[in-house]
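Structural features, examined
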Amino acid sequence: MDTTTLDFNTITLMVTIAGSWLTLVGLIIYQSSRLDNKIDALDTKFGTKFDALSGDVSDVRERLARVEGFLLRPESPTSSPPSPDEPADDHR
C-alpha cells in the first residue's frame, strides 16, 4: 500500500471530522444568538419593571418631602416651644 495516496476510508474519516467541526461551530453560533435574544428579552422585561419602580420611588420621595415640610413648619402641631437651655435664635 502506497502511503502517498488517500484511500476511501481516510477520505471518509477526514470528511466526517470536518463535518463535525462545522456542525459544532454552527451550533455554537446558533445557541449564542438564541442566548442573546433571551438576554435582550429579559433586559426589556426588567427594564420596564425598573422604570415603573423608579416612578413609584420618586412619588414616595415627593410625598415624604411634603410630610417633612409640613411637620417642620414653625406652626406645625408637632413643633414644641424652644427649651429654656437653648437660645431662641440659634441657627446652625
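Residues numbered from 1 in each chain as written. Predicted model: local features only at pLDDT ≥ 70, side-chain atom pairs only at ≥ 80, totals over all residues. Heavy atoms only, no water.

The helix and strand tally for the chain stands at one helix and zero strands. Burial analysis of the chain (92 residues in total) assigns 1% to the buried set. Summed over its atoms, the accessible surface of the chain is roughly 8700 Å², and 64% of this surface lies on carbon and sulfur atoms. (Helix = DSSP H or I, 4+ residues; strand = E, 2+ residues; numbered from the N terminus. Buried < 20%, exposed > 50% of the residue type's maximum accessible area, 1.4 Å probe, protein only. Areas by Shrake-Rupley, 256 points an atom, 1.4 Å probe, with all protein chains shown as cover.)

Attention now moves to a nonpolar patch on the surface. Residues Leu 6, Ile 11, Met 14 and Val 15 make up a contiguous nonpolar surface patch of about 390 Å² in total accessible area. One can find Val 15 in helix α1 (residues 8–71). (Patch = residues over 30% accessible without salt bridge, like charges linked within 9 Å, V, L, I, M, F, W, Y side chains within 5 Å. Salt bridge = Lys/Arg side-chain N within 4 Å of Asp/Glu carboxyl O.)

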